[in-house]
Amino acid sequence: MSDVLVIGSYAQNDVDALNSTFNPTWCAAPADIASLEESARAGIKVVGFKGHVAFGAAEMDQLPNLELVANFGVGYDAIDTTAASARGIKVTNTPDVLNDDVADLAVLLLLAHGRKFEQASQWARDGSWAAKGEYSLARKISGGKVGILGLGRIGREIADRMAAFKMDVHYFARSEKETPNWTYHSDPVALAAAVDYLVVALVGGEETKGFVSKEMLEALGPRGIIVNISRGTTIDEEAMIEALTNGTLGGAALDVFLNEPKIDERLYALDNVTIQPHQGSGTVETRADMGQLQRDNISAQLAGASLLTPVN
Ligand code: NAP
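It should be emphasised that the depicted structure is a prediction, and the values quoted were computed from it without experimental measurement. (Residues numbered from 1 in each chain as written. Predicted model: local features only at pLDDT ≥ 70, side-chain atom pairs only at ≥ 80, totals over all residues. Heavy atoms only, no water.)

Undergrad: Is there a simple way to explain the domain arrangement of the protein in this structure?
TA: By a widespread convention, an interface's size corresponds to the accessible area lost as its parts come together. You can read the domains of the protein as domain 1 (4-95 + 284-303) and domain 2 (99-275). Spacing between the C-alpha centres of domain 1 and domain 2 amounts to 32 Å. Of the residues lining the interface, seven residues belong to domain 1; the matching set on domain 2 comes to six residues. Both faces combined, the contact of domain 1 with domain 2 buries some 540 Å², and carbon together with sulfur accounts for 48% of it. A per-residue breakdown of the area domain 1 buries against domain 2 is headed by H52, D77 and P95, which together make up 61% of the total. Across the domain 1-domain 2 interface, the total number found is one salt bridge. For D77, the salt bridge identified is with R231, shortest N-O distance 3.0 Å. For the pair domain 1 and domain 2, the number of links is three residue pairs in polar contact (both at pLDDT 80 or more). Residues that form the side of domain 1 that touches domain 2 fall into these classes: two nonpolar, four polar and one charged. (Domains from an automatic or database assignment. Contact = heavy atoms within 4.5 Å. Buried area = accessible area lost by both parts, 1.4 Å probe. Salt bridge = Lys/Arg side-chain N within 4 Å of Asp/Glu carboxyl O. Polar contact = N/O pair within 3.5 Å; in protein donor to acceptor, adjacent residues only side chain to side chain. Nonpolar A, V, L, I, M, F, W, Y, C, P; charged D, E, K, R; others polar.)

This is the structure we're talking about:
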């Protein structure tokens, strides 16, 4: 009987590596744990978790000998860490190995949105270029003022990239950081008011729910563009859709959404929105590194060694 339970949908290379290393039990989703035999559930010491469906107290209580939940991903907001800590269960994540890819996508979102990349591409493909002439002018991004909301691991990589685009970098975090010559704002609304573009790189979860408020969106204004690569929860999505619809916010370039992948359909109809299917870390190379780090944490726990990237 296996002492590892793997939950979620994995790429084939991860499936193969998990199977050959741990010979685990598999569940597609947390809800499937209940259908495992009681003796099988009692044997589980480690859960390898991937996905955005909640894994909380109820699931933990179905696994009475659980020692570790090893998340595939840096954001572990789906896992109730308070419930885990109360039960002496450790949680690990996969930080840093994905910073470059997520930062690359943030830059891509901003450039693609400002340069109307999707619409211009369509103009060329559908024959409009030949039939109707030049595409309408876009928006210059280089040299503008950008605000990074959350100067953590990924936020800093985004800021470095934006600086290379000759941008004036402003940021918010809960404390001022050592930076080259970037401008710190302790008030997120003041940050939004100071910049043309706002990139959200906050941690997800309860504490930052709706952090980007109606007031912040108004401060960003009708020429402002918001980019979100963090979590759908960090923005008041209802207020954002309203602001995009009535033009009090210029545009949004989004990789993450509330209720994804079933996102609010009003977003599809707005031409001032760029949409990506939560693929910030979605490259072959980075996903392989994330899978390796998840497995290394599982192995460490089973060997009684120190966890590589604990979060509680
Ligand atoms: P991180 O290093 O933990 O940085 C998070 C930032 O959020 C820090 O600047 C931190 O501020 C701030 N923060 C934390 N708690 C806060 C609170 N209660 N109020 C205000 N600010 C708070 O995280 P990361 O590794 O850079 O990840 C950033 C985000 O990207 C996460 O939401 C993660 O889930 C997401 N992500 C998305 C993708 C994707 O595919 N789109 C991929 C990977 C990660 P301090 O500096 O003051 O602590």
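Undergrad: Any chance you could explain the packing of helix 1 (residues 12-22) against helix 13 (residues 284-303) here in plain terms?
TA: Relative orientation and spacing of two packed helices are given, respectively, by the angle between their axes and the distance between those axes. Relative orientation of the contacting elements helix 1 and helix 13 amounts to 15 degrees, with a least axis distance of 10 Å. It follows from the interaxial angle that helix 1 and helix 13 lie roughly parallel. In this structure, the crossing between helix 1 and helix 13 has a hand that is right-handed. Here N13, D14, A17, L18, T21 and F22 of helix 1 lie close against helix 13, whose contacting residues are R287, A288, G291, Q294, R295, I298, S299 and L302. Of the residues in the contact of helix 1 with helix 13, the class split is six nonpolar, five polar and three charged. (Axes fitted to C-alpha atoms, helices over the stretch in contact; angles between N-to-C directions. Helix = DSSP H or I, 4+ residues; strand = E, 2+ residues; numbered from the N terminus. Parallel < 35°, antiparallel > 145°, perpendicular 65-115°, else oblique. Left-handed = near helix turned anticlockwise from the far one by under 90°.)

Undergrad: Is there a simple way to think about the site of the ligand in this case?
TA: Lining the immediate environment of the ligand, one finds 28 residues, of which I154, R174, K177, L202 and E207 sit closest. Separating an oxygen atom of the ligand from a side-chain N or O atom of H278 is a distance of 3.3 Å. Burial of the ligand by the surrounding chains reaches 87%, relative to a free accessible area of 940 Å². Grouping the constituent residues of the shell around the ligand by class yields 12 nonpolar, 10 polar and six charged. (Near = heavy atom within 4 Å. Areas by Shrake-Rupley, 256 points an atom, 1.4 Å probe, with all protein chains shown as cover.)

Undergrad: What exactly am I supposed to notice about the sheet that holds strand 3 (residues 46-49) here?
TA: Sheets are built from strands paired through backbone hydrogen bonds, the pairs being either parallel or antiparallel. Judged by pairing direction, the sheet is parallel, and its five strands sit side by side in the order 2-1-3-4-5 without closing on themselves. Unpaired on one side and paired on the other, strand 2 (25-27) and strand 5 (90-92) mark the two borders of the sheet. Pairwise comparison of adjacent strand axes, ignoring direction, gives a mean angle of 20 degrees for this sheet. Pairing of strand 1 (residues 4-7) with strand 2 involves three bridges; the strand directions are parallel. The residue bridging I7 from the neighbouring strand is C27, located in strand 2. (Pairing = 2+ DSSP bridges.)

Undergrad: Is there a simple way to think about the sheet that holds strand 12 (residues 273-275) in this case?
TA: Within the open sheet, the seven strands sit side by side as 8-7-6-9-10-11-12. Their pairing is parallel. Both edges of this open sheet fall to strand 8 (183-184) and strand 12, since each of them pairs with a single strand only. Pairing of strand 6 (residues 145-149) with strand 9 (residues 197-200), which is carried by four bridges, proceeds in the parallel orientation. Bridging across to strand 9, G147 finds its partner in L198. Taken strand by strand, helix 5 (residues 99-114) contacts strand 9, strand 10 (225-228), strand 11 (251-254) and strand 12, and its axis lies near 150 degrees from that of strand 10.

Undergrad: How should I be thinking about the pairing of strand 1 in this particular structure?
TA: Every other side chain in a regular strand lies on the same face of the sheet, so the side chains alternate between the two faces. Of the two faces of strand 1, the one holding V4 and V6 and the one holding L5 and I7 are both buried throughout. Relative to strand 3, strand 1 runs parallel, the two sharing four bridges. Opposite V6, over in strand 3, you have G48 as the bridge partner. The handedness of the strand 1 to strand 2 crossover, carried by helix 1, is right-handed. (Buried < 20%, exposed > 50% of the residue type's maximum accessible area, 1.4 Å probe, protein only. Right-handed = clockwise from strand over helix to strand, strands pointing away.)

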